Amino acid sequence: MALNLRPTKLRHIVSAVDFDKPFIEEILDLAAWMEKKPRDHTPLRNMIVATLFYKPSTRTRGSFESAILRLGGGNISTENGAEFSSAVKGESLEDTIKVFSGYCDAIVLRHPDNDSAERAARVATVPIINAGSGTAEHPTQALLDLYTIRKRHGQLQNLRIVFAGDLRNGRTVHSLLRLLALYPQRHVTLLSPPELRIGPEYTQFLNNKGISFSEVGGFDAVRPQDVDVLYMTRVQREYLPDGALVDAESSYTLNRSFVEQMSEGASVMHPLPRNSELPTDIDDLPQAQYFPQAYDGVPVRMALLQWCLCS
Ligand code: NCD
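Residues numbered from 1 in each chain as written. Predicted model: local features only at pLDDT ≥ 70, side-chain atom pairs only at ≥ 80, totals over all residues. Heavy atoms only, no water.

Draft legend 1. Region of the structure containing the pattern of salt bridges. Per the counting criterion, the structure on display carries 14 salt bridges. Residue arginine 223 is joined to aspartate 226 by a salt bridge in which the shortest nitrogen-to-oxygen separation is 2.9 Å. When the shortest N-O distance is used, the salt bridge between glutamate 260 and arginine 256 registers 3.1 Å. Pair noted here: glutamate 260 and arginine 256 are both in helix H10 (residues 256-261), with a separation of four residues, about one helical turn. (Salt bridge = Lys/Arg side-chain N within 4 Å of Asp/Glu carboxyl O. Helix = DSSP H or I, 4+ residues; strand = E, 2+ residues; numbered from the N terminus.)

Written out as structure tokens, the structure is:
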């Protein structure tokens, strides 16, 4: 019988709640190193990482798979697990994770259930990396967002941050807010239509951290000169009842003249994909950082994979 050679304490990435400043800084520093890594730095050779995606993804799956290959690893993938895995035959997430634990060295999971990553980590015998769990969390996106912010602003603190859009259902906002609130901030503005306001657990969290914040309903309540980081999100249509959208969208559409009045060193970010909230005529302005942000997914995910599997 083969010996179980796996580490006794697995390094899962489940929730931003689990991260502290030393961990964040370790990952961001490692990501910076990964951008210039020698080609023969391939610590994942002879390892296989599975990317199990039960919900659509372009950037997250693409950048994880790129990161795996750049580190010399192999990849097995299901890009439409909801339709093409045994989930269709009634298999539980837990059973799929137990089976895949025998096929690979780590599992990157995107799943519609808010508690999917916790449930997977409970039964896995390899590290689980949460690549988006329902409307709850997207911790690796939050780390790459921090990486982009640190590169551009030189720090993660004393910022004036505006989160705009679907703050109720946007999982990237939930994870990023938790991480930015580990650092003292000048002010956080939560800009959303009333029906898409952030949940009370997050405003409570900001209160507990002593971070000054306000909730507003549109861009007319924000002075562009007072924004360092504007983090846009789309309406999460797939989580809303039909018809609840039209009003919601128009009240927080960004326009070019707002961005032109922001300081040149400020950032407009967006996890993408975008809809009408972020018009393409902003793309050529120096504040537009969403494509560099998307590229940052690869080095940050390389850093996370190395941390989970090789340290
Ligand atoms: C986001 C996601 O899937 O949560 N995109 C991403 O991962 N880069 C944002 C979204 O779907 O709106």
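The structure having been displayed, the exposition proceeds.
Draft legend 2. The arrangement of the sheet that holds strand S5 (residues 160-164) in detail. One open sheet accounts for five strands, arranged S7-S6-S5-S8-S9; its pairing is parallel. Looking at the sheet topology across the chains shown, the edges are occupied by strand S7 (213-216) and strand S9 (267-269). Taken over all neighbouring pairs, the strand axes of this sheet differ in orientation by 15° on average, direction set aside. In this sheet, S9 lies alongside strand S8 (residues 229-232) in parallel orientation, the contact comprising three bridges. Each bridged residue has a counterpart across the sheet, and for tyrosine 231 the counterpart in S9 is methionine 269. (Pairing = 2+ DSSP bridges. Axes fitted to C-alpha atoms, helices over the stretch in contact; angles between N-to-C directions.)

Draft legend 3. Broad picture of the site of the ligand. Taken together, Arg59, Thr60, Arg110, His138, Gln141, Arg171, Thr172, Arg234, Gln236, Pro271, Leu272 and Pro273 make up all the residues around the ligand. In the model, an oxygen atom of the ligand is placed 3.2 Å from a nitrogen or oxygen of the arginine 110 side chain. The contact in question runs from an oxygen atom of the ligand to an N or O atom on the side chain of glutamine 236, over 2.9 Å. Starting from 310 Å² of accessible surface for the ligand in isolation, the protein chains cover 93%. At the level of elements, helix H2 (59-70) and helix H7 (171-180) are the ones that each hand at least two residues to the shell around the ligand. Its residues assigned to classes, the shell around the ligand shows three nonpolar, five polar and four charged. (Near = heavy atom within 4 Å. Polar contact = N/O pair within 3.5 Å; in protein donor to acceptor, adjacent residues only side chain to side chain. Areas by Shrake-Rupley, 256 points an atom, 1.4 Å probe, with all protein chains shown as cover. Nonpolar A, V, L, I, M, F, W, Y, C, P; charged D, E, K, R; others polar.)

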